[in-house]
Amino acid sequence: MPFSLPSGRRLDISTVAARPDLAHADFDAGPWPAFMRHNRVSEAYFRQTVTTFPSTCLIATSDGRPVGDAHAVQLSSAGRDPFPAGGWEQVVVRAFADARNNVRPDVACALNISVARDFQGEGVAALLLSALREAAASLGLFALDAPVRPTRKHLEPVVPMQEYAARTRPDGLPTDPWLRTHVRAGGRIAGVAPASWVIAGSLGEWRRRTGLPFDSTGPVEVDGALVPVECDVRADRAVYVEPNVWVRHEFSTD
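Residues numbered from 1 in each chain as written. Predicted model: local features only at pLDDT ≥ 70, side-chain atom pairs only at ≥ 80, totals over all residues. Heavy atoms only, no water.

Within the largest apolar cluster, 65 residues are counted, with the highest numbers of intra-cluster contacts made by Phe35, Val73, Leu128, Leu144, Trp206, Phe214 and Tyr240. Not counting the four nearest positions on each side in its chain, Trp206 is found in contact with Phe35, Ile199, Ala200, Gly201, Gly211, Phe214, Val229, Ala238, Val239 and Tyr240. (Core = buried A, V, L, I, M, F, W, Y, C linked by side-chain atoms within 4.5 Å. Buried < 20%, exposed > 50% of the residue type's maximum accessible area, 1.4 Å probe, protein only. Contact = heavy atoms within 4.5 Å.)

Bringing the packing of aromatic side chains into the picture now. The final tally for this structure, using the stated rule, is seven aromatic pairs. Centre to centre, the rings of Trp206 and Phe214 are 5.7 Å apart; their planes meet at 40 degrees, and the pair counts as tilted. The burial state of Trp206 is the same as that of Phe214; both residues are buried. The ring of Phe119 carries the charged tip of Arg9 above its face, separated from the ring centre by 3.7 Å. Sitting above the plane of the Trp206 ring, Arg209 keeps its charged end 5.8 Å from the centroid. (Phe/Tyr/Trp six-rings, centres within 6.5 Å; stacked < 30°, edge-to-face > 60°. Lys NZ or Arg CZ within 6 Å of the ring centre and 35° of its normal.)

Turning next to the pattern of salt bridges. Under the defined criterion, the tally for this structure stands at 13 salt bridges. Notably, a salt bridge pairs Arg167 with Glu156, separated by 2.8 Å at the nearest N-O pair. Highlighted residues: Arg167 in the loop between helix H5 (161-166) and helix H6 (177-184) and Glu156 in the loop between strand S6 (143-148) and H5, separated in sequence by 11 residues. We classify Glu156 as partly exposed; its relative accessible area is 28%. For Arg188, the salt bridge identified is with Glu250, shortest N-O distance 3.9 Å. (Salt bridge = Lys/Arg side-chain N within 4 Å of Asp/Glu carboxyl O. Helix = DSSP H or I, 4+ residues; strand = E, 2+ residues; numbered from the N terminus.)

Spelled out as structure tokens, the structure:
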């Protein structure tokens, strides 16, 4: 589907099912905290998402160049907590288990939306979110869920996520820009996933990933982290347990 951006540039969004040649397209989405790349569930499953769930994975192009993507898995909600405490990780494990066992899905869950650095600020993320909603609805799924990583939470790592997510502007929309985009698109905040993305490692690993000393037991604030990392010097371990915000996009059955 084609769009015209504020800059006048054209954007096209396709499913990976329609454009399998772009399944693993690369583009510069800007900096990402190095420590965030060491989640074991993501390492095991994320790259398989485009081949297992190509109808709910999207690629955005401009003049043939990949400039954005979005990934969502599909799974069954039957008999399950729709908004599990394990957030991103728990949903990914469920979705791939359902796919292996040929369980019919009834919901999709967004894992990420990324936009090339030179296309940020043009509303591309919102367009990809809208396209994900349409892709999920077209499959007959009743909702698109998302364990959202709020854009500005890293600026206030000691503020509880529940408190942060509840903040609104005078117009009633969320204060956080990415949560606000989801609500504007038709989503509703459904709760917090307190253990959505977990990273554990030795103190040496954390020192290499962050450049910080990790020489004192207790919470350590790391650049880009939404909450402090818990350091245990005696055990030579540090653990990051990131909370995300559950947002549900339900579709009309009319």
